[in-house]
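Per-entry structural report
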Amino acid sequence: MNLHVLAFIIAILPVALSPGASFTLAINNTLVAGSRGLAAIILGTALGIYTHALLIGLGISALLVRSPIIFNLLSVAGAAYLLWLGILLLRRGRHISQPVASYRSARMGIKDAWLANVLNPKAVMLYLTVVSQFAGRDHALLHYLLLASIHVAIMALWLVIICFTLLTSARVINIRKLSIAINIGGGLILVFFAISNLVQLFMTLKGFP
């Protein structure tokens, strides 16, 4: 098995540790539902990562990229979904002063985290252009799944550390103010990601460099 595991870990660390949709959803879900909320985001994100590994291992991702129309539709769908999630978080931040029971049902689930990952065109390109370089000469599906497992392990450990640190801090900080700040901040971040993706797609279609 000619995998380049150590090199892959070094390459994937900045990606796994950088703030993104899963990071934002994990923090917000942790405040709403504690460890169960965090587990849902980690599981959904893991399923998304394994989905990308399956798609590239089966050659489907390459077909998507070769079709500009399909890839652009995926980009629009991903941006729209992030925008919707961002608006949900902003609304939760506005109404968080209400009793917990009134907004607990608004927490994100496994499907939300999975869709946010699968519909992200940058994740598709990550596995096509970066992960594929470490999958060995034969690019076997098993190799991609093993690399995805390393990616999942790093992501999960990082989110657990961050979110449990947040829960510990919440014991000495006003939890309501912290929740409002994180929900509104997280919502704005997702909205920014969505608009940024749409602007980037627009510039690509217009032929800007």
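To be clear, the structure that these remarks concern was listed above.
Before going into details, it helps to say that this report is about the structure given with it. Note that this is a predicted model, so its numbers are computed, not measured.

Basis of the calculations
- Residues numbered from 1 in each chain as written.
- Predicted model: local features only at pLDDT ≥ 70, side-chain atom pairs only at ≥ 80, totals over all residues.
- Heavy atoms only, no water.
- Helix = DSSP H or I, 4+ residues; strand = E, 2+ residues; numbered from the N terminus.
- Buried < 20%, exposed > 50% of the residue type's maximum accessible area, 1.4 Å probe, protein only.
- Contact = heavy atoms within 4.5 Å.
- Areas by Shrake-Rupley, 256 points an atom, 1.4 Å probe, with all protein chains shown as cover.
- Phe/Tyr/Trp six-rings, centres within 6.5 Å; stacked < 30°, edge-to-face > 60°.

**Comments concerning the overall build of the chain**
Regarding its fold elements, the chain presents eight helices and zero strands. The order of α-helices and β-strands along the chain, N terminus first, is α-α-α-α-α-α-α-α. For the chain, the residues scored as buried account for 43% of the 209 residues in total. Pairs at least 24 residues apart make up 85% of the contacts formed inside the chain by residues separated by at least 6 positions. If you sum the accessible surface of the chain, you get close to 11000 Å²; carbon and sulfur atoms cover 71% of it.

**Thoughts on the packing of aromatic side chains**
To describe a pair of aromatic rings, one takes the distance between the centres and the angle between the planes. Here the structure, examined in full by the defined rule, presents one aromatic pair. Aromatic side chains Phe 8 and Phe 134 sit 5.9 Å apart centroid to centroid with 65° between the ring planes, which places their arrangement in the edge-to-face category. On the criterion of sequence distance, the pair formed by Phe 8 in helix H1 (residues 5-17) and Phe 134 in the loop between helix H6 (121-130) and helix H7 (141-170) is long-range, its members being 126 residues apart. Pair check on accessibility: Phe 8 and Phe 134 agree, each one buried.

**Notes on the environment of Ser 22**
With respect to the helices and strands, Ser 22 occurs in helix H2 (residues 21-57). When its relative accessible area of 16% is taken as the criterion, Ser 22 is described as buried. Taking C-alpha positions, Ser 22 is 6.6 Å from Thr 45, a pair spaced 23 residues apart along the chain. Each residue touching Ser 22, except ones within four places of it in the same chain, is listed here: Ile 41, Thr 45 and Asn 117.

These figures come from the coordinates and say nothing about function on their own.
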